[in-house]
Amino acid sequence: MGAVNPWQDWRALVVDDEPLACERLRQLLREQGLQHVYCLTDSRQAMAWLTQNLADIVLADISMPGVSGLELAQQLRRQPLAPQLIFTTAHEQYAVNAFELEAIDYLLKPVRRERLRQALERACRQRGDAPQPEASFTVRQRDRLLPIPFSQARYLKAELKYVTLVTPDAEYLLDETLIALEQRLGNAAVRIHRNCLVMRHALRELFRANIDGEEQWQVRLADIGQPLPVSRRQLAGIKQCLHQQD
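Just so it is clear, the model here is predicted, and its values are computed rather than measured.

S.K.: For the sheet that holds strand β4 (residues 84-89), give the residues involved together with the corresponding values.
M.R.: Read from one edge to the other, the open sheet built from 5 strands follows the order β2-β1-β3-β4-β5, with strand pairing classed as parallel. Looking at which strands have only one partner, the edges of the open sheet turn out to be β2 (36-40) and β5 (105-108). Averaged over all pairs of adjacent strands, the angle between strand axes in this sheet comes to 20°, irrespective of strand direction. Sheet topology places β4 next to β5; 4 bridges connect them, and they run parallel. Each residue of the ladder has a partner; that of Ile86, found in β5, is Asp105. Taken strand by strand, helix α2 (residues 43-52) contacts β1 (11-15), β2 and β3 (57-61), and its axis lies near 160° from that of β1. With respect to the sheet, helix α5 (residues 113-127) is in contact with β3, β4 and β5, its orientation differing from that of β5 by roughly 170°.

Here it is as structure tokens:
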């Protein structure tokens, strides 16, 4: 798997009285990047195991002989550091009961990879450590729409009817106006000229230069060779940005 998932170090416990179902869920969790997956086939065993071990998440079947998954959930709720709970079942009629017990999700068997991933992402959000998708610009390249993360952007310049987004490696045309982009970017960008915004993270230096016998303020950006002119009315904002970076 390419990117590191926030749940890769979670300890997961699978509880299912069907060994094949248990093993399949273990494999699916491993495919999602979980390194520590434990399987038990009985709710009583699970409760005993949890008194001796910590788990971040429990994936429990509902219909099991003896103590059901619903009863297991009720017992888990009494624990001070209760793991998050996902129900796995072949029966839809238990959904209301499951969510009354504050289950994170309710997966119907056979569990599909995408639904399992959605459940893990939901568990992340519940824990407060979900990966936040990086904000991006959407650009059109031939017949495709591509996301360009804010972190790759260096500046945006209005020219005629278009705005050009400049990165260290390429330039892209955007459909939005510079004013609309300024509002969307908020504190991520600062205006240096009436027709130019620069990304705050790219600012490196503000300096005076002699251009054709006239003194002019300019900024230098990361990975961009050509400095950009700064209008005097924007000087205070640029200085404040650089001061905050120190």
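S.K.: How would you explain the pattern of salt bridges if you had to name every residue and give the values?
M.R.: In total, this model carries 12 salt bridges according to the counting rule given. Put simply, Glu176 and Arg184 hold a salt bridge, and the shortest N to O gap is 3.0 Å. Linked by salt bridges that have partners in common, Asp16, Asp61 and Lys109 make up one network.

S.K.: Describe the nonpolar core, with residues and values.
M.R.: Counting residues in each nonpolar core, the largest one holds 36 residues, and the members touching the most others are Phe137, Leu156, Leu165, Val198, Val219 and Leu221. Each residue touching Leu165, except ones within four places of it in the same chain, is listed here: Phe137, Val139, Ile148, Ala153, Tyr155, Leu156, Ala170, Glu171, Tyr172 and Leu174. Core analysis: the second largest hydrophobic core is formed by 21 residues, Trp7, Trp10, Leu107 and Leu120 among them.

S.K.: An account of the packing of helix α1 (residues 19-31) against α5 is needed here, citing residue identities and associated values.
M.R.: Interaxial distance between α1 and α5 falls to 10 Å at its minimum, and their mutual angle equals 65°. As judged from the angle between their axes, α1 and α5 are roughly perpendicular. The handedness of the crossing between α1 and α5 is right-handed. Seen from α1, the contacting residues are Leu25, Leu28, Leu29 and Glu31; seen from α5, they are Arg113, Leu116 and Leu120. For the contact of α1 with α5, a count of residues per class yields 5 nonpolar, no polar and 2 charged.

S.K.: Residue-level account of the packing of aromatic side chains, with values.
M.R.: Two measures describe an aromatic ring pair: the distance that separates the ring centres and the angle between the ring planes. Across all of its chains, the model carries 2 aromatic pairs by this definition. Considering the side-chain rings of Tyr38 and Trp49, the 5.2 Å spacing of their centres and the 45° angle between planes classify their relative orientation as tilted. Placement of Tyr38 in strand β2 and of Trp49 in helix α2 is noted, with a sequence separation of 11 residues between them. With a relative accessible area of 29%, Tyr38 lands in the partly exposed category. With a relative accessible area of 17%, Trp49 lands in the buried category. Seen in terms of ring centroids, Phe137 and Phe150 are 4.7 Å apart; in terms of plane orientation they differ by 45°. Their pairing is tilted. Of this pair, Phe137 sits in strand β6 (residues 136-141) while Phe150 sits in the loop between β7 (144-149) and β8 (155-159), placing them 13 residues apart in sequence. Here Phe150 falls in the buried class, since its relative accessible area comes to 14%. The positively charged end of Lys239 is found above the aromatic ring belonging to Trp217, 5.2 Å away from the centroid.

S.K.: Requested: an account of the side chain of Arg154, with residues and values cited.
M.R.: With respect to the helices and strands, the residue Arg154 is situated in the loop between β7 and β8. A polar contact of 3.1 Å, which involves the side chain of Arg154, links it to the backbone oxygen of Ser151. Side-chain polar atoms of Arg154 contact the side chain of Asp223, separated by 2.7 Å. If we ignore the near neighbours within four places in the chain, the residues touching Arg154 are Val166, Thr167, Pro168, Val198, Met199, His201, Ala202, Leu221, Ala222, Asp223 and Ile224.

Conventions and cut-offs
Residues numbered from 1 in each chain as written. Predicted model: local features only at pLDDT ≥ 70, side-chain atom pairs only at ≥ 80, totals over all residues. Heavy atoms only, no water. Pairing = 2+ DSSP bridges. Helix = DSSP H or I, 4+ residues; strand = E, 2+ residues; numbered from the N terminus. Axes fitted to C-alpha atoms, helices over the stretch in contact; angles between N-to-C directions. Contact = heavy atoms within 4.5 Å. Salt bridge = Lys/Arg side-chain N within 4 Å of Asp/Glu carboxyl O. Core = buried A, V, L, I, M, F, W, Y, C linked by side-chain atoms within 4.5 Å. Buried < 20%, exposed > 50% of the residue type's maximum accessible area, 1.4 Å probe, protein only. Parallel < 35°, antiparallel > 145°, perpendicular 65-115°, else oblique. Left-handed = near helix turned anticlockwise from the far one by under 90°. Nonpolar A, V, L, I, M, F, W, Y, C, P; charged D, E, K, R; others polar. Phe/Tyr/Trp six-rings, centres within 6.5 Å; stacked < 30°, edge-to-face > 60°. Lys NZ or Arg CZ within 6 Å of the ring centre and 35° of its normal. Polar contact = N/O pair within 3.5 Å; in protein donor to acceptor, adjacent residues only side chain to side chain.

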